[in-house]
Each structure stands twice: as C-alpha cells, then as structure tokens.
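Tertiary structure, described
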Amino acid sequence: MRYWILFLSFTVLFLGACEDILEVPDISDQQVELLAPSPGSVVNDSIVNFNWNGVADAEAYSVQIATPNFENAAQLVLDSLVVIDTTFVGTRISKQLSNRAYEWRVQALNSGFETGFTVSGFTVDAPSN
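Residue numbering note: each chain is counted from 1, following its sequence as written. Local features in this predicted model are restricted to residues whose pLDDT is 70 or higher, and side-chain atom pairs enter the listing and the counts only when it is 80 or higher, whereas totals over whole chains, interfaces and linings include all residues. Neither water nor hydrogens contribute to the side-chain values; these are computed over all heavy atoms in the structure.

1. So, unusual backbone geometry
A cis amide bond links Ala36 to the next residue, Pro37, at an omega of 0 degrees. Note that Pro37 resides in the loop between strand 1 (33-36) and strand 2 (41-43). Looking along the chain, the bond that leaves Thr67 and enters Pro68 is cis, with omega of -5 degrees. Only DSSP runs of H or I reaching four residues or more are called helices, and only runs of E reaching two or more are called strands; each is numbered from the N terminus. Relative to the helices and strands, Pro68 resides in the loop between strand 4 (60-67) and strand 5 (75-83).

Next up, the structure:
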C-alpha cells in the first residue's frame, strides 16, 4: 500500500511538472514593430531589406508583401514564414522588387498564439540600369 501511495505521488508530481513545461506563452496582445522600410518611404534600390523588432516568445514570423496594397492587391509578391531556430534568429528578410507602390506586413507566431499583422506602405523607385 505504501508503494502505491508513493507511485501515485510521483505520478501526480510528474504530470504537474509536464503541464508547466507544455504551457505556451500568449503573445496575442503583443505587436510587431516594423522598422524599415518606414511608412511612406521611397526606397532607391531594387533590393529591399525588411526589418522589424522581434516579439518575446515568438517562434516564427509571417511576412507578406503586396502591390499596391492588401485591400486592393494586384499581386502578393511575398508570403513567407521566417522560423526562428538555431540557424536563423534574425528579424529581417530581403526581396528584389520592381518600381511601384507596396504594402508589407508582419505577424508573430508561436505554437499556440499569434499577434495581429502590423502593416506599412512604401514605394520602390530604383534607377534603371
């Protein structure tokens, strides 16, 4: 009987510890801060570097670029998932774009939650070669 109580105590303790390990932080009330290109900016290079501030406890970022904007998208030119792991821990991505107006947006994700998208518009006006 004593062994049964001991076994039951360890089982309850172990299951309680596992629940703590599996808890995923809720990031849904946080917001990704877009750094560059900034709202309304004109980029004078066809290679555009997109930079944002990370969200604590995010495991990935959904990055999308549309032209001319998301409400009236003629084309979705990028729809990418940037996964944070041991090989990539940055919060940036580059894309070659043609001269025109764009909107870009980023959303942080983890295995249980996601933030809303943060959106910004810019224009590419690179000199032709």
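Back to the text.
2. Some points on the environment of Phe117
Residue placement: Phe117 occurs in the loop between strand 7 (100-109) and strand 8 (118-124). Linking Phe117 and Val32, residues 85 residues apart in sequence, is a C-alpha distance of 7.5 Å. The contact rule is simple, with two residues in contact once any of their heavy atoms fall within 4.5 Å. Once residues lying within four places of it in the same chain are set aside, the contact partners of Phe117 are Ser62, Gln64, Arg105, Val106 and Gln107.

3. A short note on the sheet that holds strand 1
Here, strands pair whenever DSSP counts at least two bridges between them. Spatially, 3 strands are ordered 1-3-6 in an open sheet, and the strand pairing comes out antiparallel. Of all the strands in the sheet, just strand 1 and strand 6 (92-96) have a single pairing partner and so form its edges. Between one strand axis and the next, the sheet turns through 30 degrees on average, direction left out of account. Two strands pair when backbone bridges link them, and strand 1 and strand 3 (residues 47-53) are joined in this way by 3 bridges, in the antiparallel orientation. The convention used is that axes are lines fitted to C-alpha atoms, helices contributing only their stretch in contact, and that angles between N-to-C directions extend from 0 to 180 degrees.

4. A closer look at the sheet that holds strand 2
Taken in spatial order, the 5 strands line up as 2-8-7-4-5 in an open sheet, and their pairing is mixed. Lying at the two open borders of the sheet, with one neighbouring strand each, are strand 2 and strand 5. In this sheet, neighbouring strand axes are inclined to one another by 25 degrees on average, regardless of whether the strands run parallel or antiparallel. Summarising the sheet, strand 7 and strand 8 pair through 7 bridges and their orientation is antiparallel.

5. Some details on the environment of Gly54
Looking at where Gly54 falls in the secondary structure, it is placed in the loop between strand 3 and strand 4. Among the residues examined, Gly54 registers a relative accessible area of 47% and is labelled partly exposed. Setting aside anything within four residues of it in sequence, one finds Gly54 in contact with Tyr61 and Thr91. Throughout this description, buried means an accessible area under 20% of the type-specific maximum (1.4 Å probe, protein chains only), exposed means over 50%, and partly exposed covers the range between.

6. Digging into the side chain of Ser62
Assignment of secondary structure puts Ser62 in strand 4. Non-local contacts of Ser62, meaning those with residues more than four positions away in its chain, are made with Asp79, Ser80, Leu81, Arg105, Val106, Gln107, Leu109 and Phe117.

7. Structural notes on the environment of Asn110
Locating Asn110 in the fold gives a position in the loop between strand 7 and strand 8. Owing to a relative accessible area of 10%, Asn110 belongs among the buried residues under this scheme. Separated by 51 residues in the primary sequence, Asn110 and Glu59 have C-alpha atoms spaced 4.7 Å apart. Residues in contact with Asn110, not counting those within four places in the same chain, are Val24, Pro25, Ile27, Asp57 and Glu59. We call two N or O atoms a polar contact when they sit within 3.5 Å, provided that within protein one can donate a hydrogen and the other can accept it, with sequence-adjacent residues counted only if both atoms are side-chain atoms. A polar contact of 3.0 Å, which involves the side chain of Asn110, links it to the backbone nitrogen of Gly112.

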